[in-house]
Amino acid sequence: MCEVKLSKVAFAYDRDNVLNDISLTVNQGDFTAVVGPNGAGKSTIIKIIAGILSPTDGTVSVGGGTVMAARARGLISYVPQNYGKNIVGFPATVAEIVKLGIAASPRNKGYTVHTVEHIVNHMLELVGCQELKKRRIGDLSGGQQQRVMVARALAGNPELLLLDEPTSGIDYEASTKIYELLGHLNKSLSVTVIMISHDIDKAISWANKVACINRGLCFYGNSKDFNSTHLGARHLWYYSG
Amino acid sequence: MEFLQYDFFQRALAAGLITALVCPLIGIFVVVRRQSLIGDGLGHLAFAGVTGGYLLGWYPAVGALALTVTGAVGIEFVRQRHKQYTDMGLAIFFYTGIALAIIFSTMTRMPSSGLLSFLFGSIITVTTTDVALIALCSVTVMTVLYFLFDKLMLIALDEDVASVSGINTPLINMVFSILTAFVVVVGMAVVGILLVSALMIVPVAAAYQLRLGFKKTLGCAVCFSVLSVLIGLILSFYLDIAPGGTIVMTAIIIYVAIAVCRQFFEFKGRFSHKSISTRN
């Protein structure tokens, strides 16, 4: 079970409080979209759950233990927002990138070359990129790169997938495909997904939970409830963001 | 093949080929991590180590290894704590190395011929002990790289992603920094302190242009490196010049040749594509 529990979490960069008193529980198998205006602390909260940042106050538990214990067990996989600059000149094929997800994970030990190859093919098939297997990652479009990165993240067989705006800088069609893919993976693999989204309509369509953040927790619950009760908040940050 | 009859050339060749194998192995990670100048910084520390070792009566390569490894640990320590000032931290170590080298060399009154052989490399001064030390360091580097290869690759792609995946990134980065120091000392005898970094970077840069996958890029980089060392050493023997310059210039010629060929084929491809479109 990979439940994520935040209890009274706060975070400050120097003296600037970015997050205050955030408490929420993401259950195993949930697809949670984190939404909010720019500078609301969305990336900060994902980084706290991933263990990249430590909260200045409060506690975080993943899978019933600390974040560091979950990382050491290979429970968490993370897809950052700004892969782009590293990927452009990175001399690796799509297959090599996906293999990294298997080789680097503490959960996958002692796989034969044949098994690794099978997992790579399976992951690429899941994200619809099998025909790109031998292409260089830097030669792909932004949408294709993000799908390959999701395949890499899933190849290590994680229980929690964290994504920081996976659709930023991607056109409408490609971003719809990413949402479809995440929704499908969440259901078929029972992976808990927490992703930051700027597209509220798509987030509501595909995620079953929404966490609305604006330096504190404004809303956390079923996405359908958010749709009907928080239209005012949506209207506000469409213009302030 | 007259050159192969000489013992000194055989030693230089053995040392050179081992260096050619190991330099791109570290170099590819140095390039993808965007730390191409780290070899230069460590090279200057190695120079201080050689002169400092001479002052203390140590074997020069041992002095170089001690100070270079210490410097590599220091550079990585600063990088981990002050990520936004990585360049500045590297520059401070760089200048410390050269300043110490000047102080130590004036204190020891080391003969200028000895200093020059460390700076520019030499095929005459490579000893059997040098070859043994180079082989030992290289085997250590290759063994550690074999086990850390995937982890280093993921760290190079994205350090945060690697750490979230359960990789102990501070430890592996520190090990990598120490391995880089080993390779600088390995390359010092043949290529020279000033150009050892070039043998890590230029063959990798040449292979980069072929737009292949990671392992194929690495394979090509090793081939270019071996070719550069072979041609460079032979030219150095016949022309009686320091091997460091000839080896690195050979590598640069390979780089330029690939760049020109690539431009030519890209232009040809675009031209033929245009003519087909016009005809249609």
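Just above sits the structure.
About the criteria used
- Residues numbered from 1 in each chain as written.
- Chains lettered and ligands numbered in written order.
- Predicted model: local features only at pLDDT ≥ 70, side-chain atom pairs only at ≥ 80, totals over all residues.
- Helix = DSSP H or I, 4+ residues; strand = E, 2+ residues; numbered from the N terminus.
- Buried ≥ 20, exposed ≤ 12 C-beta atoms within 10 Å, placed from the backbone.
- Contact = placed C-beta atoms within 7 Å.
- Pairing = 2+ DSSP bridges.
- Axes fitted to C-alpha atoms, helices over the stretch in contact; angles between N-to-C directions.
- Core = buried A, V, L, I, M, F, W, Y, C linked by C-beta atoms within 7 Å.
- Parallel < 35°, antiparallel > 145°, perpendicular 65-115°, else oblique.
- Left-handed = near helix turned anticlockwise from the far one by under 90°.
- Nonpolar A, V, L, I, M, F, W, Y, C, P; charged D, E, K, R; others polar.

Participant: Looking at this structure, I do not really get the overall build of chain B. What am I missing?
Facilitator: The helix and strand tally for chain B stands at 11 helices and 0 strands. Its helices and strands taken in sequence order, chain B reads α-α-α-α-α-α-α-α-α-α-α from the N to the C terminus. With the C-alpha coordinates aligned to their principal axes, the bounding extent of chain B is approximately 75 × 55 × 30 Å. Residue burial in chain B is summarised as follows: out of 280 residues, 50% are buried. A separation threshold of at least 6 residues defines the contact pool for chain B, and within that pool the share at least 24 residues apart is 74%.

Participant: Can you help me understand the interface of chain A and chain B in this one?
Facilitator: For interface size, the figure often reported is the accessible area lost on association. Between chain A and chain B, the residue contacts involve 24 residues of the former and 21 residues of the latter. Within the residue set of the side of chain A that touches chain B, elements represented by two or more residues are α2 (67–72), β5 (76–79) and α4 (94–103) of chain A.

Participant: Sorry if this is basic, but what is going on with the sheet that holds strand β4 (residues 57–62) of chain A here?
Facilitator: Hydrogen bonds along the backbone pair up the strands of a sheet, which may run parallel or antiparallel. All names here are of chain A. Ordered by their spatial adjacency, 3 strands build an open sheet running β2-β1-β4, and the pairing between neighbours is antiparallel. In this open sheet, the two strands that pair with only one neighbour each are β2 (16–26) and β4. Taking the axes of each pair of neighbouring strands and ignoring which way they run, one obtains an average angle of 25 degrees across the sheet. Bridge count between strand β1 (residues 4–13) and β2: 7 bridges; the pairing is antiparallel. Considered in β2, the bridge of L6 is made with L24.

Participant: Looking at this structure, how should I read the environment of I76 of chain A?
Facilitator: With respect to the helices, strands and loops of the structure, I76 of chain A is situated in strand β5. Remark: the alpha-carbon pair of I76 of chain A and T167 of chain A, spanning 91 residues in sequence, is separated by 20 Å. Sequence-distant contacts of I76 of chain A, defined by excluding residues within four places in its chain, comprise A50, V62, A70, R71, P158, L160 and L162 of chain A together with V164 of chain B.

Participant: Help me out: how do you make sense of the nonpolar core in this one?
Facilitator: One recurring pattern in soluble globular proteins is that nonpolar side chains are buried together. In terms of nonpolar packing, the biggest core is built from 170 residues, with I49 of chain A together with A46, V185 and L199 of chain B touching the most fellow members. Per-element accounting of this core gives the leading share, 15 residues, to helix α1 (residues 7–32) of chain B. Among all residues touching A46 of chain B, those that are not within four sequence positions of it are A64, L67, T68, V184, V185, M188 and I193 of chain B.

Participant: Can you walk me through the packing of helix α3 (residues 60–81) of chain B against helix α4 (residues 86–108) of chain B in this structure?
Facilitator: Two quantities define a packed helix pair, namely the angle between the axes and the distance from one axis to the other. Residues and elements named next belong to chain B. At their nearest, the axes of α3 and α4 sit 9 Å apart, and the two run at 155 degrees to each other. The orientation of α3 relative to α4 falls into the category roughly antiparallel. For α3 against α4, the interelement crossing comes out right-handed. Two secondary-structure elements touch here, α3 through G71, G74, I75, V78 and R79 and α4 through T86, G89, L90, F93 and G97. Partitioning the contact of α3 with α4 into residue classes produces 4 nonpolar, 5 polar and 1 charged.

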